[in-house]
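One letter stands for each residue in the lines below.
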Protein chains: 2
Amino acid sequence: MADVTFSNRMQGVTGSAIREIFKIVAAGNVISFAGGNPNPATFPKEELSRISAELLSENGAVLLQYGQTEGYAPLYESIKQVLAPRGFAIGQGELLPLTGSSQGIELFTKLMINPGDVILAEAPTFLGALQTFFSYEANVIGVKMEEDGMDLNDLEEKIKLHKPKFIYTIPTFQNPMGVCMSANKRKAVAELAARYGVAVLEDDPYCELRYEGEMLPSIKSFDTAGLVVHLMSFSKTVSPGLRVGAAVGNSTVIRKMVVAKQGADVHTANLNQAMVDAYVRRGYYFDHVKEIIPSYKKQMDTMVELFSLFPQGVRYTRPSGGLFTWVELPEGKDALALLPKAVEAGVAYVPGEHFYARDGKKNTMRLNFSASTPEQIVKGMEILADVLKKA
Amino acid sequence: MADVTFSNRMQGVTGSAIREIFKIVAAGNVISFAGGNPNPATFPKEELSRISAELLSENGAVLLQYGQTEGYAPLYESIKQVLAPRGFAIGQGELLPLTGSSQGIELFTKLMINPGDVILAEAPTFLGALQTFFSYEANVIGVKMEEDGMDLNDLEEKIKLHKPKFIYTIPTFQNPMGVCMSANKRKAVAELAARYGVAVLEDDPYCELRYEGEMLPSIKSFDTAGLVVHLMSFSKTVSPGLRVGAAVGNSTVIRKMVVAKQGADVHTANLNQAMVDAYVRRGYYFDHVKEIIPSYKKQMDTMVELFSLFPQGVRYTRPSGGLFTWVELPEGKDALALLPKAVEAGVAYVPGEHFYARDGKKNTMRLNFSASTPEQIVKGMEILADVLKKA
């Protein structure tokens, strides 16, 4: 099969550069700011162990059988509880449990995009979403970022110019920048979408990971036109390994996502849905989220404080939640070229240029703080400051 | 979003007609031969309950974290054990655990098919596969079926005529017909694939559910050209609700499937992979398969025996395993038109025409025996015979 010809859509898609970096880092004795993993110490393994045993013992004949593509019915109520603070109502047929919220990006792209169709996305944005968009031959156009989210003038101009099929945004503690879109901008994005009849894919996996300030209403909460599909995830609050998330959107789109999901994986594993449901239903969820925040806050604060060690001219974001900070080196510096030196010195990060659809800024890097202890963060930031000074 | 325009690929895909029938049947007091579910009494819920609790308690920090797209490493050995009887070796990079074997159909189609490309498939074939093929705008051409699998002359003619991108086949206890491709034909399909340079997607979820005779070597076992991708599933032997299966193919194709899987769901849930692994590793699996066969055989035999009640001119398959039999009414009869009468009388089946890519035979129906007790099968077949006599 050496002469196999893959489909056009998959020709240019070669997998995540980040995952290759992970493999290098995993092999050595390196402090890694390169990952995006939640802290495994936060996983409620004893509760989930008990819950899984009980569920299978009591309801195994149902949970081990095929389920509905539409999802495990009791989970609907639990997801509605979790989403209530986000400020939108969920009507009949408007919710779909997913095999992780990433599946929502895949399904929505599959059902919306013809080759060449435009998607507007924050520049930089989530690498996994870019890979999926490319795999359906979308033309991804970047929207300029400010400290409170997308530049609205740039967004509107590009809507008019490119007539995009949808806008993709991570409004809260954005990956990779860590910034949070202001409430005003969220409202404005919903209004622009309605004015120009453009759909919005609002990807909000970090919503609960707020360490400072008040929760903001979602873009979906301002969506009077039924144009916003909102994605939520249990990966950052309960467990990524269970692969449970959900989409909320108007019933026409959700119905089409169900059809696409039938082919993709028939349904999300029942046990995983039932475990997350029981975790919420038994009252663990909200307490757990409150419990994990102080340690994440300490990790974030430790990293942000040590930016003071970095040489003059280095800029960085100062998030209020999430997992990431974003660093811009002076123009002309190359974070990818610097990476081998950093790894040799004992610290790893992700060069930022991969987070752009095109013309990635070479002088940028993403730093993760959730997967390192405060002690590791101190040591890693000292090493990184040293590497940057020498560069 | 009333005016949303879906992508061309999803315009014509409207979901499984079977699933709609399930909902009608579930509502009434009807003996259903319409499903395709394994018997839930066979699910090893106590073992899996213990296993899940132990795995999470002992290894929760790893299992609840993100995993590799390539899958949970220990599961590789277990899958190799399960696949050993199928007669092919599995080299480095040639195996990929999946979120159910259906995901393999989705990923392989995504990476192989451009709009208009031809897929040759058995006529009739698995409805879920047809939906997936249509969702990538494939031109699906049916290959005539005989009692021992595809008509090889028809297959070769259509390979020459249509230059297909791949051949899709369910060689063992085919869905929906229940027939099994002979060993000679399996070898011939691999040889035809090699001669014409056509890939083969060998979907083999029912392989272990053999109630009579000897296991046959897979098409993959005759694949000297590296053209066959083989799909296996734990859905029919352990649990469909856990969503665990796997693909085996040459490393170039598997590598591209990994890339496509990154976007689809990042990775298959670690817990589910680890549960299946432990179930095999602790020695339950092979004994379990042996244990479930006698009851399935009794269900099959009961159904096949009662075909004698059907009126003259009705033809049916007599399988040696799997979950289904296939019925052909005399020419001119319409199984879909007959369904409301059958349901009213107290029995349901799936009209066969949906299992064809086009020009479905209206006089056909699929009967499932695995989800009914022998007593239900007796009663259901008596009712169905009566309905057929009146028609």
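What counts and what doesn't
Residues numbered from 1 in each chain as written. Chains lettered and ligands numbered in written order. Predicted model: local features only at pLDDT ≥ 70, side-chain atom pairs only at ≥ 80, totals over all residues. Heavy atoms only, no water. Helix = DSSP H or I, 4+ residues; strand = E, 2+ residues; numbered from the N terminus. Rg over C-alpha atoms; globule rule 2.2 N^0.38 Å. Buried < 20%, exposed > 50% of the residue type's maximum accessible area, 1.4 Å probe, protein only. Contact = heavy atoms within 4.5 Å. Areas by Shrake-Rupley, 256 points an atom, 1.4 Å probe, with all protein chains shown as cover. Lys, Arg positive; Asp, Glu negative; His and termini not counted. Charge placed at Lys NZ, Arg CZ, Asp CG, Glu CD. Buried area = accessible area lost by both parts, 1.4 Å probe. Salt bridge = Lys/Arg side-chain N within 4 Å of Asp/Glu carboxyl O. Polar contact = N/O pair within 3.5 Å; in protein donor to acceptor, adjacent residues only side chain to side chain. Pairing = 2+ DSSP bridges. Axes fitted to C-alpha atoms, helices over the stretch in contact; angles between N-to-C directions. Least-squares fit on C-alpha atoms with pLDDT ≥ 70 in both. Expected span 1.5 Å × (residues − 1). Right-handed = clockwise from strand over helix to strand, strands pointing away. Phe/Tyr/Trp six-rings, centres within 6.5 Å; stacked < 30°, edge-to-face > 60°. pLDDT = per-residue confidence, 0-100. Bend = angle between axes of the 7 residues up to and from the residue. Parallel < 35°, antiparallel > 145°, perpendicular 65-115°, else oblique. Left-handed = near helix turned anticlockwise from the far one by under 90°. Nonpolar A, V, L, I, M, F, W, Y, C, P; charged D, E, K, R; others polar.

Describing the overall build of chain A
A count of helical and extended segments in chain A gives 13 helices and 15 strands. The C-alpha atoms of chain A give a radius of gyration of 21 Å, which matches the 21 Å a tight globule of 391 residues would have. A principal-axis box enclosing the C-alpha atoms of chain A has dimensions of 60 × 55 × 50 Å. For chain A, the residues scored as buried account for 63% of the 391 residues in total. The contacts of chain A with a sequence gap of at least 6 include a subset with a gap of at least 24, amounting to 75%. Roughly 13,900 Å² of accessible area belongs to chain A as shown, and the carbon and sulfur atoms make up 51% of that amount. Charge-centre separation for chain A: the mean point of 40 positive side chains lies 2 Å from the mean point of 43 negative side chains.

A closer look at the interface of chain A and chain B
If you look at the interface, chain A gives 85 residues, while chain B gives 85 residues. The junction of chain A with chain B conceals about 6,900 Å² of combined surface from both sides, 54% of it contributed by carbon and sulfur atoms. In this assembly, chain A and chain B are joined by two salt bridges. Linking Glu106 of chain B and Lys110 of chain A is a salt bridge whose minimum nitrogen-to-oxygen distance equals 3.0 Å. Linking chain A with chain B are 42 residue pairs in polar contact (both at pLDDT 80 or more).

Here's the deal with the sheet that holds strand E7 (residues 166–169) of chain B
Residues and elements named next belong to chain B. Taken in spatial order, the seven strands line up as E2-E10-E9-E8-E7-E3-E4 in an open sheet, and their pairing is mixed. Strands at the two margins of the open sheet, each flanked by one partner only, are strand E2 (95–98) and strand E4 (139–143). Averaged over all pairs of adjacent strands, the angle between strand axes in this sheet comes to 20°, irrespective of strand direction. In terms of strand pairing, E2 meets strand E10 (residues 245–248) through four bridges, oriented antiparallel. Opposite Leu98, over in E10, you have Gly245 as the bridge partner.

Describing the relation of the copies chain A and chain B
For the match of chain A to chain B, the screw axis carries a shift of 0.0 Å, the RMSD comes to 0.0 Å, and the turn is 180°. Both copies of the chain, as the preceding transformation shows, are related through a two-fold rotation axis. For chain A, the minimum C-alpha distance to the rotation axis belongs to Ala53 of chain A and amounts to 2.6 Å.

Thoughts on helix H10 (residues 270–281) of chain A
Spacing of three or four residues puts side chains on the same side of an α-helix, whose turn is 3.6 residues. For H10 of chain A, with twelve residues, the first-to-last C-alpha span of 16 Å sits near the 16 Å given by 1.5 Å per residue. The set of residues buried in H10 of chain A consists of Asn270, Leu271, Asn272, Gln273, Ala274, Met275, Val276, Asp277, Ala278, Tyr279 and Val280 of chain A. As for H10 of chain A, its buried residues are in contact with helix H3 (45–63), helix H4 (73–83), strand E2 (95–98) and helix H11 (284–306) of chain A together with helix H3 (45–63) and helix H10 (270–281) of chain B. A positive backbone phi angle near 85° is found at Gly283 of chain A, which sits one or two residues after H10 of chain A.

Topic: the pairing of strand E3 (residues 118–122) of chain B
Residues and elements named next belong to chain B. With five of its five residues buried, E3 lies for the most part within the structure. Residues Val118, Leu120 and Glu122 of E3 are buried on one face, and the alternating residues Ile119 and Ala121, pointing to the opposite face, are buried as well. The sheet contact formed by E3 and E4 spans five bridges and is parallel. From the neighbouring strand, Leu120 faces E4, where its bridge partner is Ile141. Handedness of the E3-helix H6 (residues 127–135)-E4 crossover: right-handed. Examined bridge by bridge, E3 and E7 share three bridges and lie parallel to one another. If you follow Ala121 over to E7, its bridge partner there is Tyr168.

Structural notes on the sheet that holds strand E11 (residues 315–316) of chain A
Within a beta sheet, neighbouring strands are joined by backbone hydrogen bonds and run either parallel or antiparallel to one another. Residue and element names in this part refer to chain A. Taken together, the four strands give an open sheet; going across it, the order is E11-E12-E15-E14, and neighbouring strands pair in antiparallel fashion. Taken across any chain shown, the strands that pair with only one partner, and hence form the sheet edges, are E11 and strand E14 (350–351). With two bridges connecting them, E11 and strand E12 (residues 324–328) associate as antiparallel partners. Of the residues in E12, the one forming a bridge with Tyr316 is Val327.

Looking at the packing of aromatic side chains
The way to describe two aromatic rings as a pair is by their centre distance and the angle between their planes. Residue and element names in this part refer to chain A. Scanning all chains against the criterion turns up 24 aromatic pairs over all chains. Their ring planes at 80° and their centres at 6.0 Å tell us that Phe234 and Tyr285 sit as a pair that is edge-to-face. Residue Phe234 is found in the loop between strand E9 (228–233) and strand E10 (245–248), and its partner Tyr285 is found in helix H11; the two are separated by 51 residues along the sequence. The pair Phe234 / Tyr285 is uniform in exposure class, with both members buried.

Looking at the confidence of the model for chain A
Chain-level pLDDT for chain A is 95 on average; 96% of the residues reach the 70-or-more range. The ipTM value of the predicted complex is 0.96, and its pTM value is 0.96.

Some remarks on H11 of chain A
Residue and element names in this part refer to chain A. With 23 residues, H11 extends 34 Å between its outermost C-alpha atoms, agreeing within 8% with the 33 Å of an ideal straight helix rising 1.5 Å per residue. Of all the bends in H11, the greatest, near 30°, is centred on Ile293, and the proline Pro294 appears no more than four residues after it. Looking only at H11, the buried set comprises Tyr285, His288, Val289, Ile292, Ile293, Tyr296, Gln299, Met300, Thr302, Met303, Val304 and Leu306. Residues of H11 that are buried sit in contact with H4, H10, E12, strand E15 (364–368) and helix H13 (374–390).

Re unusual backbone geometry
The amide bond that connects Ala123 of chain A to the next residue, Pro124 of chain A, takes the cis arrangement and shows omega of 10°. Tracing the backbone shows Pro124 of chain A in the loop between strand E3 (118–122) and helix H6 (127–135). Phi is positive for Val266 of chain A, which is not a glycine, with a value near 65°. Despite not being glycine, Phe173 of chain B has its phi angle at roughly 50°, a positive value. Structurally, the position occupied by Phe173 of chain B is in the loop between E7 and helix H8 (183–196).

Looking at the packing of helix H7 (residues 152–162) of chain B against H8 of chain B
All names here are of chain B. Contact geometry for H7 and H8: axes closest at 11 Å, N-to-C directions at 15°. Taken together, the axes of H7 and H8 lie roughly parallel to each other. Once H7 is placed against H8, the crossing between them reads as right-handed. In this structure, H7 contributes Leu152, Leu155, Glu156, Ile159 and Lys160 to the contact, and H8 contributes Lys185, Ala188, Val189, Leu192, Arg195 and Tyr196. For the contact of H7 with H8, the per-class residue count stands at seven nonpolar, no polar and four charged.

So, the environment of Thr252 of chain B
Position of Thr252 of chain B among the secondary structure elements: in helix H9 (residues 251–265). Here the alpha-carbon distance between Thr252 of chain B and Glu94 of chain B, two residues 158 residues apart in the chain, equals 8.3 Å.

Structural notes on the environment of Gly322 of chain B
Residues and elements named next belong to chain B. Within the secondary structure, Gly322 sits in the loop between strand E11 (315–316) and strand E12 (324–328). Taking C-alpha positions, Gly322 is 7.8 Å from Cys207, a pair spaced 115 residues apart along the chain. For Gly322, the residues in contact, after removing those within four places along its chain, are Phe173, Tyr206, Leu209, Tyr211 and Phe369.

Observations regarding the packing of helix H12 (residues 335–345) of chain B against helix H13 (residues 374–390) of chain B
Residues and elements named next belong to chain B. With their axes 10 Å apart at the nearest point, H12 and H13 run at an angle of 140° to one another. Our classification of the angle between H12 and H13 gives oblique. Along this stretch, H12 crosses H13, giving a crossing that reads as right-handed. Only Ile383, Val387 and Leu388 of H13 make contact with H12, whose side of the interface consists of Leu338, Lys341, Ala342 and Ala345.

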